[in-house]
Amino acid sequence: MFEIENLTFKHILHMDHLCIDRQITCITGPSGSGKTTFLRMLNRLNDPDDGRILWNGNDIAQMDATKLRRKVVMLKQTPVVYTGTIEDNLQIGLQFSKRPLAKQEKLKEYLKKVQLDKQLNDSVAKLSGGEKQRLCLARIMLMDADVYLLDEPSSALDKETENFVIENMVQFVKENNKMLIMVTHSPAIAELYPESILEIKDGNCEGYAYE
């Protein structure tokens, strides 16, 4: 659970109190409203000017940022792909977080979860934007984090693949007792989870569990 208290950041965000305690949260709102900035604050890629963010009762400003990011993993809107093979890119998140490498069967299982029909020894050099996004999504799923922060995870996907990937991500989160917080402009995704919408507008929140 995240709890936000008297948070401000430049002229972008100003939130008195917010509790995010649901397993699935969809952050929506107009462009420039502060959605991505807020998401980045949840694992200290940005720090607020004032106020504090609690995760499970602990002030994240007092936590080691690297250790926090192993538990609260973020997938940015622009996918980061490293030189090498599909397998190299799947394993590198585990390497960065100092976890044991996954067996090949597990890697193949996660490629299926994101509908990426590639061989583990295929080069990433010729992947399309949508394929890179799916590869990065599989990478963070393998990291077994407690919280997944996704910034427009389906922005490079067609509608059919979007539905498949998001539904599998949600299923993964629910089956493994994780938390998913995602920024989305997709009406289709937001409509799937109407009870989980948190709208950020003019740096503040509307709906959801806002107080």
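Here, every reference points to the structure presented above.
Report follows, based on the coordinates. (Residues numbered from 1 in each chain as written. Predicted model: local features only at pLDDT ≥ 70, side-chain atom pairs only at ≥ 80, totals over all residues. Heavy atoms only, no water.)

### Digging into the pairing of strand β2 (residues 13-20)
Where we set the bar: To sort residues, take the accessible area from a 1.4 Å probe on protein chains only and compare it with the maximum for the residue type: under 20% means buried, over 50% means exposed, and anything in between is partly exposed. A run of DSSP states H or I qualifies as a helix once it reaches four residues; a run of E qualifies as a strand once it reaches two. Both are numbered from the N-terminal end. Any two strands between which DSSP finds at least two bridges are classified as paired.
Within β2, six of the eight residues are buried, leaving the element largely enclosed by the surrounding structure. As defined by bridge partners, strand β1 (residues 2-9) adjoins β2 across seven bridges and the pair is classed as antiparallel. Pairing of Glu5 across the sheet is with His17, part of β2. Linking β1 back to β2 in an antiparallel pair, the connection comprises three residues, with Lys10 at a positive phi of about 50 degrees.

### What about the nonpolar core?
Here is the rule we go by: We call a set of buried residues a nonpolar core when its members are Ala, Val, Leu, Ile, Met, Phe, Trp, Tyr or Cys and they connect through side-chain atoms within 4.5 Å of each other.
With 38 residues, the main nonpolar core has Leu90, Leu137, Met169 and Leu180 as its most contacted residues. Elements supplying a minimum of two residues to this core: β3 (24-28), β6 (72-75), α3 (86-96), α4 (104-113), α5 (129-142), β7 (147-151), α6 (159-175) and β8 (179-183). Phe9, Trp55, Leu149 and Leu198 belong to the second largest nonpolar core, which has 27 residues in total.

### A few points about a nonpolar patch on the surface
Note the cut-off: Within this analysis, patches are made of residues with over 30% relative accessible area and no salt bridge. Like charges are joined at 9 Å or less; nonpolar side chains (Val, Leu, Ile, Met, Phe, Trp, Tyr) at 5 Å or less. Under the convention used here, a 1.4 Å probe and the Shrake-Rupley method define accessible areas, while residue burial counts only the protein chains that appear. Definition used for salt bridges: Asp or Glu carboxyl oxygen within 4 Å of a side-chain nitrogen of Lys or Arg.
Together, Val80, Tyr82 and Phe96 make up a nonpolar patch on the protein surface, roughly 280 Å² of accessible area in all. Mapped onto the elements of the fold, Phe96 is located in helix α3.

### Examining the packing of α4 against α5
Heads up, the condition is: Only C-alpha atoms enter the line fits that serve as axes; for helices the fit covers just the stretch in contact. Angles between N-to-C directions range over 0 to 180 degrees. Oblique is the label for any angle not under 35 degrees, not over 145, and not in the 65 to 115 range, which are roughly parallel, roughly antiparallel and roughly perpendicular in turn. Definitions for this section: a left-handed crossing has its near helix turned counterclockwise from the far helix by less than a right angle. A right-handed crossing has that turn clockwise. A contact between two residues is defined here by any heavy atoms of the two lying within 4.5 Å. Each residue gets one label: Ala, Val, Leu, Ile, Met, Phe, Trp, Tyr, Cys and Pro are nonpolar, Asp, Glu, Lys and Arg are charged, and the others, such as Gly, are polar.
It is the contact of α4 with α5, at a shortest axis distance of 9 Å, that shows an interaxial angle of 130 degrees. In this view, α4 runs oblique relative to α5, as classed from their interaxial angle. Helix-helix and strand crossings are classified by hand; for α4 and α5 the assignment is right-handed. For the pair α4 and α5, contact is made by Lys106, Leu107, Tyr110, Leu111 and Lys113 and by Leu135, Ala138, Met141 and Leu142, respectively. The residue makeup of the contact of α4 with α5, split by class, is seven nonpolar, no polar and two charged.

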